[in-house]
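Next come the chains, spelled out residue by residue.
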Amino acid sequence: MTRKSCAIYTTGIVCFTIILAIALVVAQVFQTMIHSRLKKEITLTEKSKVFDSWKNPPPPVYMEYYFFNVTNPEEFLAGGKAAVKQIGPYTYREYRPRENVTFLENGTKLYALNPKTFVFVPEKSAGDPTVDLIRTVNIPFVAVMNELNSYSFFLRTFVSMYMNSLGIELFMTRTVHEILWGFKDPLLTKLHSVKPDVDEYFGLMWKKNGTHEGEFVFHTGEENYLDYGKIDTWNGLRKMSWWSSNQSNMINGTDGAVFHPLINRNELLYIFAADLCRSIHLAYVEDVEVKGIQAYRFAPPSDVLMSPKDNPNNEGFCVPAGDCLGTGVLKVSVCREGAPIVVSFPHFYQADPKYINAVDGLNPNKEEHETYLDLQPTTGVPIRACKRAQLNIILKRIQGFPKTKHINETIFPIMFVNETATIDDDSASQMRTLLLIVTLVSNFPLLIVGLGVILLLVLVVLFCRNRQKKNEVKRIDFTEAFHSFTTAKDETAYTQVSDKPDESSETPASQPMRNGSYIAMSPVEAQKC
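Residues numbered from 1 in each chain as written. Predicted model: local features only at pLDDT ≥ 70, side-chain atom pairs only at ≥ 80, totals over all residues. Heavy atoms only, no water.

Along the chain, the regular secondary structure elements total 13 helices and 20 strands. In the chain, which comprises 529 residues, the proportion classed as buried is 41%. In the chain, once contacts between residues fewer than 6 apart in sequence are set aside, the share between residues at least 24 apart is 63%. When the accessible area of the chain is evaluated, it comes to approximately 29900 Å², of which 57% is carbon and sulfur surface. (Helix = DSSP H or I, 4+ residues; strand = E, 2+ residues; numbered from the N terminus. Buried < 20%, exposed > 50% of the residue type's maximum accessible area, 1.4 Å probe, protein only. Contact = heavy atoms within 4.5 Å. Areas by Shrake-Rupley, 256 points an atom, 1.4 Å probe, with all protein chains shown as cover.)

Here it is in structure tokens:
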């Protein structure tokens, strides 16, 4: 390789390195600009493109209710293990528009109500809720017993005898519709006549169809994109007062409908769940794909409902302080008017095995019973969500109520709900287009460099081929010249000339000459030489 070629190659490599470095810097600048734009665009403001979808969520939300039908009530009352059979789902379409949306504090916060309406979907259900019967725990009966537990033995005995006269048992048989949406309970009706503030109707979803979970004030995210959708106050409160520690009483995160953009895998996401009376956190699990959209899956880790013995941060959820349950369950009596209600994941998923083994018919598994959120990390938009929670009640012996004298203390499963939502096809198409634009713009300088590298390689190949052809032509010319030179040398070789001068002159002109001439030389010239 010549010195000139080395200089050319060195210059090319240096120029390419400089261009690549500049492109990387420009790409980082482009990405920063795109992220800055996203932070400004994804806010809860009227000019934002996400505001309308926040007010009226387009993806359909479905609530699937599953019930645990008790198959051996007599055996359980006699001291045996309860056996249940899962019945369902009974599916309802959930409509949840935001209402009374009002901007506060120069548009940095907004007030909203979120009423929920449920409409039965027969094609997604296992049966007719107005016909199908369920045998389950008589929750009003248990709530009254639990309330009287602090009263005198004589009063409890009197109330027990009165309930026996009304034919009220520890287990009841009602239709799915009655258990969900309410029925007039005979025990509560009697209490209502004595204490009017006691509602005479009971249902797990009583007065929850067409109503909201409270008054919310949200951060719009204009001041800080990390605050986008976060709850500022709930029912005028910035923290609750039910639990026994300040940390447990905190209202953290969003309501689960939106999350800030530019999510990374290492952060914890917080959700305030009003029906659970607390905030929970979710951690990254894995990358997933939903309708062609890449997403991060976040789910509650096992420490969310872990026993305070294993996770001291959960001590604040023991009320009164020190009165704690085991791993996987949370007693929420403090926000359920004193009823011994316990929440968990379905089938006691992630719970202490003692709760699972206490009841026959339970089979916890991750696929069917895990709560998770699939979030598009660039925009923070939920692509798919499954919120799963189980309602349980504590059954134990209470003196003065003979019906409970043989039962073993059990956290008894009543039902669980699977709330699901998946992005609709139109929104998914728009999301894919947006992400493609973001990707192209962010990586535009790198695309240009890549194209430049390809063109450079093409030029190098063409240059090498052209150089190769020139070398081949030179080799051909040299070979031909050498061949011509060799041939000419052979043809112009002299033979010995006769010493007789007169013979040459006497040779007839028509007789051809035999020897003594070069190519392009006459015989005379040859003689002169």
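What follows picks up the thread again.
The residue after G88, namely P89, is reached through a cis peptide bond having omega 10 degrees. Structurally, the position occupied by P89 is in strand 2 (residues 82-95). Here V319 and P320 are connected by a cis peptide whose omega angle stands at -5 degrees. Relative to the helices and strands, P320 is located in the loop between strand 14 (293-299) and strand 15 (329-331). Unlike most non-glycine residues, N235 shows phi in positive territory, near 55 degrees. Positionally, N235 belongs in the loop between strand 11 (231-234) and strand 12 (269-273). With a phi close to 55 degrees, K291 is a non-glycine residue in the positive phi region. Among the secondary structure elements, K291 is positioned in the loop between strand 13 (278-290) and strand 14. Looking at K291, the relative accessible area reads 37%, which means it is partly exposed.

What follows covers the packing of aromatic side chains. Using the criterion set out here, one finds 25 aromatic pairs in the structure. With centroids separated by 6.2 Å and ring planes inclined at 80 degrees, the aromatic side chains of F183 and F202 adopt a geometry described as edge-to-face. Remark: F202 occurs in strand 9 (residues 201-202) and F183 occurs in strand 8 (residues 183-184); sequence separation between them is 19 residues. We note that F183, like F202, is buried. A centroid spacing of 6.5 Å and a plane angle of 65 degrees characterise the contact between F345 and Y349, whose relative ring orientation is edge-to-face. The exposure class of F345 is buried, given its relative accessible area of 11%. Three or more aromatic residues link up through ring pairs in this structure, and these residues are F51, W54, F103, F216 and F218. Sitting over the ring of Y62, R93 keeps its end group 5.9 Å from the ring centre. For K124, the ring lying beneath its charged end belongs to Y62, and the centroid distance is 4.9 Å. (Phe/Tyr/Trp six-rings, centres within 6.5 Å; stacked < 30°, edge-to-face > 60°. Lys NZ or Arg CZ within 6 Å of the ring centre and 35° of its normal.)

Once that is clear, we can look at the packing of helix 4 (residues 139-148) against helix 7 (residues 186-194). Running from N to C, helix 4 and helix 7 point in directions that differ by 50 degrees, and their axes come no closer than 8 Å. Judged on the interaxial angle alone, helix 7 and helix 4 are oblique. Residue-level contacts link P140, F141 and V144 of helix 4 to L187, L188 and L191 of helix 7. Broken down by class, the residue content of the contact of helix 4 with helix 7 amounts to 6 nonpolar, no polar and no charged. (Axes fitted to C-alpha atoms, helices over the stretch in contact; angles between N-to-C directions. Parallel < 35°, antiparallel > 145°, perpendicular 65-115°, else oblique. Nonpolar A, V, L, I, M, F, W, Y, C, P; charged D, E, K, R; others polar.)

That's the geometry; what it means functionally is another story.
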